Amino acid sequence: MDLSKLSLIFKIVIIGIVYIIIFWALRIMYKDIKNGGKRVRVSNRRSFGLEVLVPGNNSNLRKGAVIPIRKEITIGRKNDNLLRLEDPYTSSHHARVYVKNGKDCMIEDLGSTNGTLLNGKKLNGRQYLNSGDEIKIGNTSFKVI
């Protein structure tokens, strides 16, 4: 077989692959535009987050930032926490915020030295959280959204 014919076949195959890739990219963009950039939620799960009201001494937080709560967040001074606070009044493993059954959000104090304040009152054990509740850990304050 002549090499020029083989070269022509490879050119046609490569052009075909490029057109298929362009077609798929346009199809994906069309679907995104058609939905208006909105994600369609399949489940009835609620989403929760913690809005930073007072960042305290933490260089990794800024006022107004939102920390999403998917399953659970541990808060404390140690590096193995999902939310690490650089605060001398925060225990190594201070508190845990988690979603229960996909519908309710709860907070639990993990035996911290200085305690966790929920709406200005010291938290004992576990407590359900509602939107608008204020959590204070050391010099840092959060609002449940």
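Residues numbered from 1 in each chain as written. Predicted model: local features only at pLDDT ≥ 70, side-chain atom pairs only at ≥ 80, totals over all residues. Heavy atoms only, no water.

1. Some thoughts on the packing of aromatic side chains
Now for step 1: Under the counting rule described, the total for this entry stands at one aromatic pair.
Now for step 2: Measuring from ring centre to ring centre gives 6.0 Å for F23 and W24, while their planes differ by 70 degrees; the resulting arrangement is edge-to-face.
Now for step 3: It is R96 that lies over the ring of Y98; its NZ or CZ is 3.9 Å from the centre. (Phe/Tyr/Trp six-rings, centres within 6.5 Å; stacked < 30°, edge-to-face > 60°. Lys NZ or Arg CZ within 6 Å of the ring centre and 35° of its normal.)

2. Regarding the pattern of salt bridges
Now for step 1: The final tally for this structure, using the stated rule, is four salt bridges.
Now for step 2: One salt bridge connects E108 with R126, and the closest N-O pair in it is separated by 3.6 Å. With E108 in strand β6 (residues 104-109) and R126 in strand β9 (residues 126-129), this residue pair connects regions lying 18 residues apart in the sequence.
Now for step 3: By sharing partners, the salt bridges in this structure join E72, R96, E108 and R126 into a single network. (Salt bridge = Lys/Arg side-chain N within 4 Å of Asp/Glu carboxyl O. Helix = DSSP H or I, 4+ residues; strand = E, 2+ residues; numbered from the N terminus.)

3. Remarks on the UniProt feature "transmembrane region" (unreviewed entry) in the chain
Now for step 1: Residues annotated in UniProt with the feature "transmembrane region" (unreviewed entry) correspond here to residues 6-26.
Now for step 2: Taken end to end, residues 6-26 is 100% helix and 0% strand, and its two terminal C-alpha atoms sit 31 Å from one another. (UniProt positions renumbered as here; feature names shortened; annotations may be inferred.)

4. Details of the nonpolar core
Now for step 1: If you look at the biggest cluster of nonpolar residues, it comprises 23 residues, and the most contacted ones within it are L50, I135 and F142.
Now for step 2: Of all the elements in the fold, those that place two or more residues in this core are β1 (48-54), β2 (66-69), β3 (72-76), β5 (95-100), β6, β10 (134-137) and β11 (140-144).
Now for step 3: Those residues in contact with I135 that sit more than four places away from it in its chain are L50, I107, T116, L117, L118, L129, T140, S141, F142 and V144. (Core = buried A, V, L, I, M, F, W, Y, C linked by side-chain atoms within 4.5 Å. Buried < 20%, exposed > 50% of the residue type's maximum accessible area, 1.4 Å probe, protein only. Contact = heavy atoms within 4.5 Å.)

5. A short note on the sheet that holds β11
Now for step 1: Strand order in the open sheet formed by six strands is β2-β1-β11-β10-β7-β8, with antiparallel pairing between adjacent strands. Lying at the two open borders of the sheet, with one neighbouring strand each, are β2 and β8 (121-122). (Pairing = 2+ DSSP bridges.)

6. Section: the environment of K103
Now for step 1: Along the chain, K103 turns up in the loop between β5 and β6.
Now for step 2: K103 sits in the partly exposed class, given a relative accessible area of 43%.

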